[in-house]
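Now for the letters of each chain:
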Amino acid sequence: MTAQSQLEAYLGEFRRRLRALIVARGAAILTAAALAVTLIAVYFGIRRAFDPTLIIGARTVLLLTLAAIAIVLVAKPLRNLYRNRGIRDIERRAPDFDGRLETYDGLTREERPTPFLTLLAEDALKLAQRIPVALKVPSREISIPAAIAVVAVAALVGVASFGPHNWRYGVRHLWAGWLFEDTLPPQRI
C-alpha cells in the first residue's frame, strides 16, 4: 500500500467521523427544536381550544424552524465537507499538519503529476500515524448529541402516546392533524 493510499484512507476515516459529528449535532438541535416548538404550540393550543389559525401558524413555524436548522446545521456543513474534502476541518482539528494536507490536496488536483506529491504524502502520513482520528474527533463528541436527539424524539413520542389527554391530542393534531379530518379535541362534546 502506497503512502498516498494510506494517507487517503486516514483522511477518509477523518471525514467519516466529521460527517457523523455534523449529522449528530444537527439531529440533536433539530429534535430539540421540534420538541420545544411542539410543546409551546400545544400549550397555547390548549389555552385557545386548538384554534385552527393557531395550529396552522404553529405548523408553519415548526416547518420553517426544522427546515432552517436542517439547511444551516446539516446540509451546508456537509456540502462544505464534500466540497473541500474536509481538509480545512482536519487541519483545524489537527494543527500539527501545519498546512501539509492543504498542500497535498492542492497537488492531487493538478493535472500534471509531480514528484513532490509522494514525498508530501509520506511526510503527512508520518504525522497522521501520531495523530489518531479518534483523538481529534472523540466518540463522545458524536455520541452525546446523538443521545440528546434520541431523548428528544422519545420525549416527543412519549407525550404523543402517554401524555395527558389534551397534550396527546395536541401533539398528534399538530404533527398529523391535517391527515385526519374527523379528529376532535378531547374537550369537545
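Residue positions are counted from 1 within each chain, in the order its sequence is given. Given that the model is predicted, a residue must reach a pLDDT of at least 70 before its local features are reported, and side-chain atom pairs must reach 80 or more before they are shown or counted; all residues, however, enter totals for whole chains, interfaces and linings. Heavy atoms throughout the structure, all of them, feed into the side-chain values; hydrogens and water do not.

### Examining the side chain of T38
In step 1: Secondary structure elements are taken from DSSP: a helix is a run of H or I of four residues or more, a strand is a run of E of two residues or more, and numbering for both begins at the N terminus. On the secondary structure map, T38 appears in helix 1 (residues 3-47).
In step 2: Among the residues examined, T38 registers a relative accessible area of 0% and is labelled buried.
In step 3: Here a polar contact means two N or O atoms within 3.5 Å. Within protein one must be a hydrogen donor candidate and the other an acceptor candidate, and residues neighboring in sequence count only if both atoms are side-chain atoms. Within the structure, the side chain of T38 is placed 2.6 Å from the backbone oxygen of A34, a separation counted as a polar contact.
In step 4: When checking whether two residues touch, look at their non-hydrogen atoms; a contact exists if any pair is within 4.5 Å. If we skip the residues at most four places from it in the chain, T38 touches L62, L156, V171, L174 and W175. Classification of residues uses two cut-offs on accessible area relative to the type maximum, computed with a 1.4 Å probe and protein chains only: under 20% is buried, over 50% is exposed, and between them is partly exposed.

### Re unusual backbone geometry
In step 1: In this structure, A49 is a non-glycine residue whose phi angle is positive, near 55°.
In step 2: Within the chain, R85 stands out as a residue other than glycine whose phi angle is a positive 60°.
In step 3: Relative to the helices and strands, R85 is located in the loop between helix 2 (52-83) and helix 3 (87-93).
In step 4: Looking at R85, the relative accessible area reads 24%, which means it is partly exposed.

### Brief notes about helix 7 (residues 139-162)
In step 1: A helix is expected to span 1.5 Å for every residue after the first. Here helix 7 contains 24 residues, and its C-alpha end-to-end distance of 33 Å stays within 8% of the 34 Å for a straight helix at 1.5 Å per residue.
In step 2: Turning to helix 7, its buried residues number three or more, namely E141, I142, P145, A149, A152, L156 and A160.
In step 3: Packed against the buried residues of helix 7 are helix 1, helix 3, helix 6 (133-136) and helix 8 (165-176).

### Thoughts on the environment of Y169
In step 1: With respect to the helices and strands, Y169 occurs in helix 8.
In step 2: Residue class for Y169 comes out buried when judged on its relative accessible area of 9%.
In step 3: Residues Y169 and V159, 10 residues apart in the sequence, show an inter-C-alpha distance of 9.4 Å.

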